[in-house]
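Descriptive structure summary
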Amino acid sequence: MKDKEVIARINKGDEKALDYLYRKYYRMMVKLVMSNNGTEQDAKDIYQDALIVFWQKVTSGKLVLTSKISTYLYSVCLNLWRKELDRKSRLVNEEKDGIEYIDQDRQERIKIINECVQQLGDGCKKILTYYYFDGLSMNEIADKLGYANTDTAKTKKYKCKKKLDQFIKSKYKSSDFLD
Amino acid sequence: MANYSNHRELITKYLEGSLSREDQLEFEIQIQNDPLLKDEFEFQKDVIDALRNYRKNEIKNRLNNINIGNSSGFNLLNIAASVTISSFIAIGTYLYLSDHAAQDSLQVVDLANTPNIENSSIADLPEKPKVVELQPKSLDQVITEVKGEEKATKEAKEIDSQVTASNKKINTPNVILPNIVEEFETMDPLEVESDLSNNSSSFESIKNKEVLSFEIEKIENSEYLHYQFYQGKLYLYGEFNDNPYEIIELKSGNKRKVFLNYNEDYFLLKTNQRDLTPLKAIKDPTLIEELNILKSE
């Protein structure tokens with residue numbers, strides 16, 4: 001598969017294109033991280049994250065590729081890994097406990113939010129993830145999901161989001177936090 | 001929380017980055033001053049993050065389950081390759097030791113070239129992707145291919161062999177089978193039949209399964225480049241571990257011409273050259289150009 005075809009497939013939402021890239025450049029990217037104080041698990045994580053960044057950039061139309069995909073992925077991996085190394089070295093210096101304590105309640109809530117997202121119906125899940133993850137426009141979403149027009153899509157998205165918000169809020173009580 | 005639902009639009013705009021810089025800053029101040037607003041803001045942010053992470057984890061899990069083969073152990077191919085390699089090495093050593101002069105019966109036995117080799121005359125290995133890109137491999141040479149990958153069988157074995165075909169003494173040479181094979185049927189015009197994909201390290205797409213009509217033996221030697229053809233085998237002396245090289249064989253009927261491409265230069269290799277000869281670079285610009293075209297197709 002040539003680069004152009006990979007990108008075309010991603011725009012159609014074909015995740016197999018990512019599988020292809022994953023296999024193809026796995027050794028190259030893993031080697032990058034492992035030769036920079038990383039384990040293979042680190043490398044896997046970073047490479048997968050990089051592929052996801054790539055996917056999102058392509059689907060949202062924000063990517064202007066002036067080089068080969070491998071070059072682009074390589075530099076994303078490099079940046080992500082550098083950031084991760086920075087984060088690790090900062091964690092060593094700062095007090096870990098202090099940071100966790102502050103976010104305790106919020107972390108609890110995040111858990112609940114994640115559960116609720118899992119339980120969303122397919123239609124709402126799709127429209128919300130297309131919007132927030134893939135970064136598609138209302139036009140594109142309307143096309144993909146077969147809505148009559150962009151207004152229909154907008155309304156559907158608004159309703160889904162509202163439904164999700166209410167569902168989550170009903171699942172937790174923030175009164176402890178507020179009082 | 002009715003009050004703060006009004007702010008939802010403001011929050012949404014902030015999160016989507018559609019506020020002006022001033023409005024952004026103003027919003028950030030508001031958040032710091034108003035805990036209820038801050039809470040709603042964090043809520044919205046967390047919901048959007050959760051939606052994103054949902055898909056992110058979906059994709060990551062799928063990728064994680066893709067087996068890239070020998071990263072965490074050996075799969076069948078590598079086991080088969082290891083067994084074959086070990087037996088080749090054993091046979092080769094036996095033959096060498098039992099009869100020095102019996103060179104012609106030797107199918108060159110190969111070594112996995114790894115960083116663990118103690119021979120100090122070998123320089124550091126180049127980055128694998130670089131070497132690999134310039135040396136497309138044929139599917140026939142699965143063993144060589146598998147060995148060429150660092151993660152596969154990491155065997156640091158040396159064969160202390162003496163190549164008596166030459167009159168010089170070479171101490172503990174490193175014998176490596178080359179990784180490239182190319183064959184062309186015509187001499188004029190120079191047409192390439194194989195697919196040289198130099199922008200990828202994936203070898204599943206190689207279509208050319210043809211082999212060179214002779215064997216190649218590289219002998220690691222810090223002296224200047226030499227070569228010789230002896231009993232149907234090409235012996236290359238030089239520092240071939242450091243840099244990639246290519247062998248181009250042109251066939252036309254009974255005639256054949258062999259060229260070596262190494263370090264930007266082309267060398268003609270005469271197939272009747274039995275004595276050790278230094279490699280001389282080709283100067284003819286037309287020929288160089290044709291070979292370049294060949295190489296890049």
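Residues numbered from 1 in each chain as written. Chains lettered and ligands numbered in written order. Predicted model: local features only at pLDDT ≥ 70, side-chain atom pairs only at ≥ 80, totals over all residues. Heavy atoms only, no water.

1. Some words on the overall build of chain A
From N to C terminus, chain A includes nine helices and zero strands. Across chain A, the fraction of contacts at a sequence separation of at least 24, relative to all contacts at a separation of at least 6, is 60%. Of the roughly 10,700 Å² that chain A leaves accessible, carbon and sulfur atoms contribute 49%. (Helix = DSSP H or I, 4+ residues; strand = E, 2+ residues; numbered from the N terminus. Contact = heavy atoms within 4.5 Å. Areas by Shrake-Rupley, 256 points an atom, 1.4 Å probe, with all protein chains shown as cover.)

2. A closer look at the interface of chain A and chain B
Between chain A and chain B, the contact holds 45 residues from the first and 36 residues from the second. Together, Arg27(A), Arg106(A) and Tyr132(A) form the three largest contributors to the area buried by chain A at its contact with chain B, with a combined 15%. In this structure, the connection of chain A to chain B is made through eleven salt bridges. Taking the shortest distance from any N to any O, the salt bridge between Asp39(B) and Arg109(A) comes out at 3.2 Å. Summed over the shared surface of chain A and chain B, the result is 14 residue pairs in polar contact (both at pLDDT 80 or more). Broken down by element, the residue count for the side of chain A that touches chain B peaks at eleven residues, all from helix α2 (residues 16-34) of chain A. (Buried area = accessible area lost by both parts, 1.4 Å probe. Salt bridge = Lys/Arg side-chain N within 4 Å of Asp/Glu carboxyl O. Polar contact = N/O pair within 3.5 Å; in protein donor to acceptor, adjacent residues only side chain to side chain.)

3. A look at the packing of aromatic side chains
The geometry of an aromatic ring pair is captured by the separation of the ring centres together with the interplanar angle, meaning the angle of the planes. The full count for this structure, using the stated rule, is seven aromatic pairs over all chains. Measuring from ring centre to ring centre gives 5.4 Å for Tyr22(A) and Tyr47(A), while their planes differ by 15°; the resulting arrangement is stacked. Of this pair, Tyr22(A) sits in helix α2 while Tyr47(A) sits in helix α3 (residues 40-59); the two residues are 25 residues apart in sequence, bridging distant segments of the chain. Tyr47(A) gets classed as buried once you look at its relative accessible area, which sits at 0%. On the basis of an interplanar angle of 50° and a centroid distance of 5.8 Å, the ring pair of Phe54(A) and Tyr72(A) is categorised as tilted. Of the two residues, Phe54(A) is situated in helix α3 and Tyr72(A) in helix α4 (residues 69-93); the sequence distance between them amounts to 18 residues. The rings of Tyr22(A), Tyr26(A) and Tyr47(A) are connected pair by pair, giving a single aromatic cluster. The ring of Tyr130(A) is capped by Lys144(A), whose NZ or CZ atom sits 5.6 Å from the centre of that ring. For the cation-ring pair, Lys169(A) lies above Phe43(B), with the distance from its terminal atom to the ring centre recorded as 4.6 Å. (Phe/Tyr/Trp six-rings, centres within 6.5 Å; stacked < 30°, edge-to-face > 60°. Buried < 20%, exposed > 50% of the residue type's maximum accessible area, 1.4 Å probe, protein only. Lys NZ or Arg CZ within 6 Å of the ring centre and 35° of its normal.)

4. Notes on the confidence of the model for chain B
Residues and elements named next belong to chain B. In this model, chain B carries an average pLDDT of 67, and 54% of its residues clear a pLDDT of 70 or more. Segment residues 105-173: pLDDT under 50, and 147 contacts once partners within four positions in sequence are set aside and those in other chains are kept. This model gives residues 179-210 a pLDDT under 50, and the stretch forms 91 contacts once residues within four places in sequence are excluded. Predicted complex metrics record ipTM = 0.90 and pTM = 0.52. (pLDDT = per-residue confidence, 0-100.)

5. Some thoughts on the state of the cysteines
As used in these notes, a disulfide is a covalent bond between sulfur atoms, one from each of two cysteines. All names here are of chain A. Using the criterion set out here, one finds one disulfide over all chains in the structure. The partner cysteine of cysteine 124 in its disulfide is cysteine 160, sulfur to sulfur 2.0 Å. One quick way to see it: the torsion about the S-S bond of cysteine 124 and cysteine 160 is about -80°, and its sign makes the bridge left-handed. Here the residue cysteine 124 occupies a position in helix α6 (residues 122-132), and cysteine 160 occupies one in helix α8 (residues 150-171), the gap between them amounting to 36 residues. Look at cysteine 124 and you get buried, because its relative accessible area is 9%. (Disulfide = S-S within 2.5 Å.)

6. A short note on helix α3 (residues 21-33) of chain B
Residues and elements named next belong to chain B. Counted at 1.5 Å a residue, the expected span for α3 with its 13 residues is 18 Å, and the 19 Å between its end C-alpha atoms agrees. Among the residues making up α3, those that are buried are Gln24, Phe27 and Ile31. For α3, the buried positions fall inside an angular range of 65° around the axis, keeping them on one side. Along α3, exposed side chains directed more than 90 degrees from the buried face belong to Glu22, Glu26, Ile29, Gln32 and Asn33. (Expected span 1.5 Å × (residues − 1). Arc of directions from axis to C-beta.)

7. Remarks on a nonpolar patch on the surface
On the surface, a nonpolar cluster with roughly 410 Å² of combined accessible area is contributed by Phe88(B), Ile91(B), Tyr94(B) and Leu95(B). Structurally, Ile91(B) is set in helix α5 (residues 76-98). (Patch = residues over 30% accessible without salt bridge, like charges linked within 9 Å, V, L, I, M, F, W, Y side chains within 5 Å.)

8. Concerning the nonpolar core
Residue and element names in this part refer to chain A. Counting residues in each nonpolar core, the largest one holds 34 residues, and the members touching the most others are Ile10, Tyr22, Tyr47, Leu51, Phe54 and Leu73. Of all the elements, α2 adds the most residues to this core, at eleven residues. Among all residues touching phenylalanine 54, those that are not within four sequence positions of it are Ile7, Ile10, Leu21, Leu63, Ile69, Tyr72 and Leu73. Residues Ile127, Met138, Ile141 and Ala142 belong to the second largest nonpolar core, which totals 25 residues. (Core = buried A, V, L, I, M, F, W, Y, C linked by side-chain atoms within 4.5 Å.)

9. Looking at the pairing of strand β3 (residues 226-230) of chain B
All names here are of chain B. Here β3 lies mainly inside the structure; four of its five residues are buried. Across five bridges, β3 lies against strand β4 (residues 233-238) in antiparallel orientation. Looking at β4, one finds that phenylalanine 229 is bridged to leucine 234. Following β3, the chain reverses through two residues before pairing antiparallel with β4; glutamine 231 in that reversal takes a positive phi of roughly 50°. Across two bridges, the pairing between β3 and strand β8 (residues 277-278) is antiparallel. (Pairing = 2+ DSSP bridges.)

10. A few points about the pattern of salt bridges
Per the stated rule, a full pass over the model turns up 19 salt bridges over all chains. Notably, a salt bridge pairs Lys60(B) with Asp45(A), separated by 3.4 Å at the nearest N-O pair. One end of the pair, Lys60(B), is in helix α4 (residues 35-64); the other, Asp45(A), is in helix α3, on a second chain. Ionic pairing is found between Asp46(B) and Arg109(A), a salt bridge with its closest N-O pair at 3.8 Å. Of this pair, Asp46(B) sits in helix α4 while Arg109(A) sits in helix α5 (residues 96-119), placing the two residues on different chains. Judged by relative accessible area, Asp46(B) falls into the buried class, the value being 6%. Arg109(A) sits in the buried class, given a relative accessible area of 6%. Through salt bridges with shared partners, one network takes in Glu15(A), Asp19(A), Arg55(B), Glu58(B) and Arg62(B).

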